[in-house]
Structure formats: C-alpha cells, structure tokens
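Letter by letter, the chains look like this.
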Amino acid sequence: MNRYKLLKGSLWLVSLLPFWLLYGMSDLCCFFLKRRYRTKTVRQNLQMAFPEKTDKERKEIEERFYHQLCDNFVETIKMLSMTEKEFKRRMTFSGLDYMNNRFDAGQQFCFLYLSHFGNWEWISSIALHMQENRSSAQIYHHIYNKPVNQLFLHIRSRFGGINIEMKETFKRIIQMKRETDKKFLVGFISDQKPKWNSIHHFVPFLHQETAVFTGAEHIGRKVDAIMMYGRMSRPKRGYYHLDMIPMEDHPATVDENSLTDRYFALLEADIKAHPEMWLWTHKRWSRTKEEWLRRQKQAKK
C-alpha cells in the first residue's frame, strides 16, 4: 500500500468519530501544541500586530488561537467523511444571489478574496451550492510532501471543486475563459507572503508595511471578474458562515491595486474583531519594505 492510501485510510477512520470526541482530541492536542508549536513566531506576530494590547491580552489571544488551530485540524480530517447534508448544515454561505445575478447578466468569473481565517478548508464545500453550468475553483499552493498534497487535493475537490495550482493560475483561467461558456467562482487565499521576485505592492496592515500578492486583482481586471470578499464567522464550535461581500463588478474601472488595498483593510478589521481566528504561526512580515528596496537598488546596479 502506498503512503497516500495509508494516510488517507488512517485519517478516514479517525474522521468517522463524532464531533464531540474529535473536539475532545482537539482540546488534548491544544494542551501540548500551545507549548511547543511555533510559540515564538506567534508571540512575535501578536506583539507586532497589537502593540497597544497588554501582555495579558495578547496571551489570551494566543490561548484562543491555539484552540482554533487544533479545531481546524480535526475539522479538516472530518471532511473526509462528512456528508453533503452535514456540510450544508454546518458551513453556510450568503451573497451567492448577488454573484448569480451578475452571472445571469453575462459575466463569467467571480473572484472571491479569502484568507487563513476561521476554517478556510471548509469553504470548498461551496461547490455544493453552485447552480447548473457553474463551478467553483480554488487556488492552492503545492505542498512538497506528496501524500499530504494528494490528500488535500482530494479533500478540496470532494464535492466537485476544481484545484488550480498557484503558478498555473493565469494560464488556467485564460484557458477556462476561451474554452467554455461555464461560469466560475474562484477563491483566492491572498494573505500569504510573496517571494521576493513576486513583490510589486506593499500595504499598511496591522501596523506593518506588508508585501502582498496582487494576482487576484490583476487577473480579475483581465477577465472582468466580479470581485467579492469572503467574511468568515463562527457562530459556535463546529459551525461556520461565509458572507460574500461585493467589492467591485468591473475591476478594470478602478485604480490599480485599490482592490488589493481594500481587501487588506477588510481583513484587518476582521482580525481585530476576532484575532484568534487568523493564522499566526506563519512568518508574515519577514519580507520588509526596506530589504525589498535595497534589493531593487542592488538589481539596478
């Protein structure tokens, strides 16, 4: 048996456990994880993002964050066996009517700005809510561990969603535009850290000059995509809601990078309201503007 089948089979058996037992496992995992897993990075990020808060307040955010992180882990495993009915009950959406009206008016693409906030993996179940001749897709970053990469591709496409690797995004979307009249909702998780040679824009974000991806806006301008922002909330444990908020119907008509700026302003407001729901374990601010300018200057020489 290959490693992927072994991994998938083992986790599928775990996914059959009821939610109450999985959340018990999450609580136990959190007890150990919050003392060992990237605590230095989490604390440094919280210090940078919330300098106005006390040490006690940041510690409380840290505690709640690790609980959310562990819940994300068991909830993602649960996706292997969750039924369509259970997904529709636990992961709900609003704003689809707006998107469908724009599709009916003739537009082919809707680009949905997403982030590592709440449980972003469950958003792939939006495929269950797509009308006939309409599909959902998500941009993903290739995971170097091959069995894990295969597992996530399976999870994200269980209900018909299309996986598009990040480096193939522009090519695939142009191909979709030319080869079919089907309508597409494409989710972009846009709060990641770009590589040095992919940096074109910085935004003020959580007190930091932050290097950002502009791909969603750039491609959206090319294909006249409806631009929307996904605001995730967690009414209670095991339940999420995504509100799809309209940003712009015709992105080419607004100033360049203005939608990217607006996305990060909306995300910042959500993080300030519920900081425990954002992913604090990644080194978001290791690409500084000062270093980028130095590299630009050196490259010109």
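(A) Layout of the packing of aromatic side chains. Counting across every chain of the model gives 20 aromatic pairs. A ring pair is formed by F111 and F188, whose centres lie 4.8 Å apart and whose planes are at 50 degrees; its orientation type is tilted. Of this pair, F111 sits in strand β2 (residues 109-114) while F188 sits in strand β5 (residues 183-189), and the two are 77 residues apart along the sequence. Per residue, the accessibility class of F111 equals that of F188, and both read buried. Above the ring of F19, the side-chain terminus of R90 is found at 3.8 Å from the ring centroid. The ring of Y239 carries K236 above its face, with NZ or CZ at 4.8 Å from the centroid.

(B) Summary view of the environment of S94. Looking at the element boundaries, S94 is found in strand β1 (residues 91-94). Among the residues examined, S94 registers a relative accessible area of 23% and is labelled partly exposed. As a C-alpha pair, S94 and W20 span 74 residues in sequence and 27 Å in three-dimensional space. If we ignore the near neighbours within four places in the chain, the residues touching S94 are H241, L242, D243 and M244. In this structure the side chain of S94 is engaged in a polar contact, spanning 2.9 Å, whose partner is the side chain of D243.

(C) The packing of helix α2 (residues 19-36) against helix α4 (residues 55-78), seen in detail. Contact geometry of α2 with α4 gives a least axis separation of 8 Å together with a crossing angle of 135 degrees. In terms of orientation, α2 and α4 fall into the oblique class. In the crossing of α2 with α4, the sense of the turn from one axis to the other is right-handed. Contacts between α2 and α4 involve F19, L22, Y23, S26, D27, C29, C30, L33 and K34 from the first element and E62, E63, Y66, H67, L69, C70, D71, V74, E75 and K78 from the second. Taken together, the residues of the contact of α2 with α4 sort by class into 10 nonpolar, 2 polar and 7 charged.

Parameters and conventions
Residues numbered from 1 in each chain as written. Predicted model: local features only at pLDDT ≥ 70, side-chain atom pairs only at ≥ 80, totals over all residues. Heavy atoms only, no water. Phe/Tyr/Trp six-rings, centres within 6.5 Å; stacked < 30°, edge-to-face > 60°. Helix = DSSP H or I, 4+ residues; strand = E, 2+ residues; numbered from the N terminus. Buried < 20%, exposed > 50% of the residue type's maximum accessible area, 1.4 Å probe, protein only. Lys NZ or Arg CZ within 6 Å of the ring centre and 35° of its normal. Contact = heavy atoms within 4.5 Å. Polar contact = N/O pair within 3.5 Å; in protein donor to acceptor, adjacent residues only side chain to side chain. Axes fitted to C-alpha atoms, helices over the stretch in contact; angles between N-to-C directions. Parallel < 35°, antiparallel > 145°, perpendicular 65-115°, else oblique. Left-handed = near helix turned anticlockwise from the far one by under 90°. Nonpolar A, V, L, I, M, F, W, Y, C, P; charged D, E, K, R; others polar.

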